[in-house]
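# Observations on chain architecture
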Amino acid sequence: MDEALATTTAVGATLLKPAQKVEWGGYSGYFADPDAPAGEVAYDPFRPLDEPGVREPSRAARPQVDQPIDADGCRCGDTQ
């Protein structure tokens, strides 16, 4: 984590918040990319890595393919 944030700042990003333990049990830090929105580097100990070493997206982040998307980009049945 610290190395990833150091790499981002070495190539031009600005460190917004150094990585630190967070209340939900993980570790995260934030950076500002001059050519993109701010980003976060985070470790979540509650979501194990799959075989290639990539985290599976959470169920909340997975698209619900059984629900069509309306003209406004919302899925039918979404509550906001």
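All values derive from a computational prediction rather than experimental measurement.

### Points about the sheet that holds strand β3 (residues 39-43)
- Taken in spatial order, the 3 strands make up an open sheet running β1-β2-β3, and their pairing is antiparallel. With partners counted over all chains shown, the strands left at the sheet margins are β1 (14-21) and β3, one partner each. Here the average twist between neighbouring strands, direction ignored, is 10°.
- Of the strand pairs in this sheet, β1 and strand β2 (residues 27-32) are connected by 5 bridges, and their pairing is antiparallel. By the bridge assignment, Leu15 is partnered in β2 with Phe31.
- In the packing of helix α1 (residues 2-10) onto the sheet, the strands contacted are β1, β2 and β3, and the crossing angle to β1 comes to about 180°.

### So, the confidence of the model for the chain
- Looking at the chain, pLDDT values average 75 and 61% of them are 70 or higher.
- Every residue in residues 60-65 is under pLDDT 50, and counting partners more than four places away or in other chains gives 4 contacts.

Cut-off values and rules
Residues numbered from 1 in each chain as written. Predicted model: local features only at pLDDT ≥ 70, side-chain atom pairs only at ≥ 80, totals over all residues. Heavy atoms only, no water. Pairing = 2+ DSSP bridges. Helix = DSSP H or I, 4+ residues; strand = E, 2+ residues; numbered from the N terminus. Axes fitted to C-alpha atoms, helices over the stretch in contact; angles between N-to-C directions. Contact = heavy atoms within 4.5 Å. pLDDT = per-residue confidence, 0-100.

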